[in-house]
Every structure is written in structure tokens, then in C-alpha cells.
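Results of the structural survey
Here is what each chain is made of, one letter per residue.
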Amino acid sequence: MLSEKLVDAINDQIQYEYYSAFIYKAMQAYFEDEDLPGMANWMDIQFQEEMSHAEKMFQFVCEAGARVELKGIDAPLKEDSSPLEAFEVSLEHEQSVTSRIGDLMELAQQEKNHAAQIFLHWFVTEQVEEEASVSHIIAKLKRIKDDGRGLMMIDQELAQRTFAPIDTAEA
Ligand SMILES: [Fe+2]
Ligand SMILES: [Fe+2]
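These numbers come from a predicted model, not from an experiment. (Residues numbered from 1 in each chain as written. Chains lettered and ligands numbered in written order. Predicted model: local features only at pLDDT ≥ 70, side-chain atom pairs only at ≥ 80, totals over all residues. Heavy atoms only, no water.)

Let's shift gears to the pattern of salt bridges. Taken as a whole and judged by the stated rule, the model has five salt bridges. Across the salt bridge formed by Glu49 and Arg161, the nearest N and O atoms sit 3.3 Å from each other. Here Glu49, found in helix H2 (residues 37–63), pairs with Arg161, found in the segment after helix H5 (148–158); they are 112 residues apart in sequence, far enough to count as distant. Using a relative accessible area of 17% as the deciding quantity, one classes Glu49 as buried. (Salt bridge = Lys/Arg side-chain N within 4 Å of Asp/Glu carboxyl O. Helix = DSSP H or I, 4+ residues; strand = E, 2+ residues; numbered from the N terminus. Buried < 20%, exposed > 50% of the residue type's maximum accessible area, 1.4 Å probe, protein only.)

Structure, rendered in C-alpha cells:
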């Protein structure tokens with residue numbers, strides 16, 4: 001059901017989703033250290049989401065009768081000298097994920113693999129949401145500039161985020 005090329009590409013993306021999780025976990029550590037528990041919480045939820053993205057792809061490869069191959073993960077980025085910078089790095093990262101998902105979709109289309117296209121559809125939509133939510137936070141952080149009270153308010157807002165498990169078993 002999956003060509004070797006598609007299996008390789010999805011395996012690469014599984015690695016990249018774990019790498020994403022790793023980046024967000026590092027950002028959680030940064031925010032914990034900065035005493036911004038709401039932002040730390042937001043990053044932890046992001047971490048869990050990325051883990052579930054990897055899991056969803058993992059299950060898809062297995063169900064397609066192919067073999068998941070786990071690959072090494074680089075040390076996470078450490079360009080988080082301010083909350084704004086951390087979220088800007090997040091946005092750049094999500095944009096790189098979006099382009100990778102786009103490449104995967106193109107490959108599935110070239111191969112006329114409809115099951116893979118339907119599966120990847122979920123990720124295309126998810127990326128729109130991912131970029132939008134990070135952009136929204138960046139806009140707020142830019143608006144408050146160096147206002148400490150504003151920062152605390154955003155932190156409180158991000159403390160409300162909870163993890164909504166996705167159906168990792170279904171395409
Ligand atoms: Fe992801
Ligand atoms: Fe993401």
C-alpha cells in the first residue's frame with residue numbers, strides 16, 4: 001500500500017515530529033526557568049501534541065504493513081532569549097513542518113496514493129491551526145512589548161490550555 005519512497009518520507013517525518021516535541025520540551029524548560037508557568041504549560045501541551053502527531057504517523061505506517069524506522073534526534077534549538085523569540089522560533093519551526101507536510105502530500109499525489117493523501121489531509125489542516133495559534137501569541141507579545149503586567153496576563157491565558165488527545169489510530 002505504501003511505496004518504499006513514501007515509507008521513507010513518512011519515517012523522516014516521524015523523526016521530525018519527535019524533533020518538534022523535543023524543541024517544545026526545551027522551550028518548556030526555558031519558561032519554567034523564567035517563572036512563566038502558563039507559557040511552560042502551553043509548551044508542554046505542544047510537546048504532547050507533537051508526540052501524538054508522531055504516534056499517528058507511526059500507526060499509519062504499521063497499518064499499511066510497512067516498517068517504522070526511528071532515527072536520531074538532534075539537540076533542540078536554543079534561541080529563546082525572550083518569550084517573543086521563543087514563540088518566533090516556534091512559528092519558524094511550524095512553517096518548516098508545513099512545508100514538509102506539503103512535500104509529503106505532493107509525493108502521495110504523484111504516486112496517486114489516495115489513502116496517504118487522505119491521511120495527510122489531517123496534517124495539512126492541523127498545520128494551519130498550529131501556525132495560527134503561534135502567530136496569535138506573537139501578535140499579543142508584540143503588542144505588550146516590555147509591559148510586565150501584560151506578560152503575566154498572557155501567561156495566565158496560556159495556563160488554560162489543555163491537551164485534547166487526537167485519534168492516533170485513525171487516518
Ligand atoms: Fe506536528
Ligand atoms: Fe506542530
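Moving on from the model shown.
The next thing to look at is the coordination of the iron ion (ligand 1). Note on metal geometry: ideal angles are 109.5 degrees for four donors arranged tetrahedrally and 90 or 180 degrees for six donors arranged octahedrally. With distances of 2.1 Å, the protein atoms coordinating the iron ion (ligand 1) are Glu17 (OE), Glu50 (OE) and His53 (ND1). Each donor residue of the iron ion (ligand 1) belongs to the same chain, with the gaps between them written as E-x32-E-x2-H. In this structure, the iron ion (ligand 1) lies 3.4 Å away from the iron ion (ligand 2), the two metals sharing Glu50 as a donor. Placement of the pair is Glu50 and His53 together in helix H2, with a separation of three residues, close to one helical turn. Each member of the pair Glu50 and His53 is classed as buried. (Donors = N, O, S within 2.8 Å, 3.2 Å for Na, K, Ca; no water.)

Among the residues examined, Arg161 registers a relative accessible area of 19% and is labelled buried. At a separation of 3.3 Å, a polar atom in the side chain of Arg161 contacts the side chain of Glu49. Residue contacts for Arg161: discarding those within four places in its chain leaves Asn41, Trp42, Ile45, Gln46 and Glu49. (Polar contact = N/O pair within 3.5 Å; in protein donor to acceptor, adjacent residues only side chain to side chain. Contact = heavy atoms within 4.5 Å.)

Looking at the iron ion (ligand 2), one finds its protein donor set to be Glu50 (OE), Glu94 (OE), Glu94 (OE) and Glu130 (OE), positioned 1.9 to 2.6 Å from the metal centre. Coordination at the iron ion (ligand 2) is irregular: its four donor atoms span angles of 53 to 147° at the metal. Every donor residue of the iron ion (ligand 2) comes from the same chain, spaced as E-x43-E-x35-E. You can call Glu130 buried: its relative accessible area is 2%. (Tetrahedral: all angles 85-135°; square planar, octahedral: opposite > 155°, others 65-115°.)

The biggest cluster of nonpolar side chains holds 45 residues, and the ones touching the most others in it are Leu2, Ile10, Ile14, Phe31, Met39 and Phe87. Broken down by secondary-structure element, the contributors of at least two residues to this core are helix H1 (4–33), H2, helix H3 (83–110), helix H4 (114–144) and H5. Looking at which element gives the most residues to this core, the answer is H1, with 12 residues. In contact with Phe87, not counting residues within four places along its chain, are Phe31, Met39, Trp42, Met43, Val134, Ile137, Ile138, Leu141 and Leu158. (Core = buried A, V, L, I, M, F, W, Y, C linked by side-chain atoms within 4.5 Å.)

Turning our attention to a negative patch on the surface. A cluster of acidic residues, Glu32, Asp33, Glu34 and Asp35, forms a negative patch at the surface. Take Asp35: it is sitting in the loop between H1 and H2. Residue classification places Asp35 among the exposed residues on the basis of a relative accessible area of 60%. (Patch = residues over 30% accessible without salt bridge, like charges linked within 9 Å, V, L, I, M, F, W, Y side chains within 5 Å. Areas by Shrake-Rupley, 256 points an atom, 1.4 Å probe, with all protein chains shown as cover. Lys, Arg positive; Asp, Glu negative; His and termini not counted. Charge placed at Lys NZ, Arg CZ, Asp CG, Glu CD.)

Any empty space left between atoms is shown by rolling a water-sized probe over those atoms. Taken as a whole, the largest pocket holds about 180 Å³ of empty space. Lining the largest pocket are Ser82, Pro83, Leu84, Leu141, Lys142, Ile144, Lys145, Asp146, Asp147, Gly148 and Leu151. At the level of secondary structure, the elements contributing two or more residues to the lining of the largest pocket comprise H3, H4 and H5. It is H4 that contributes the most residues to the lining of the largest pocket, three residues altogether. Residue classes in the lining of the largest pocket are distributed as five nonpolar, two polar and four charged. (1 Å grid on protein atoms, 1.4 Å probe; cavity = no way out; pocket = protein on both sides within 12 Å on 5 of 7 lines; lining within 4 Å. Points joined across faces, edges and corners; volume = space filled by probe spheres on them. Nonpolar A, V, L, I, M, F, W, Y, C, P; charged D, E, K, R; others polar.)

Any functional reading would require information beyond the geometric quantities listed.
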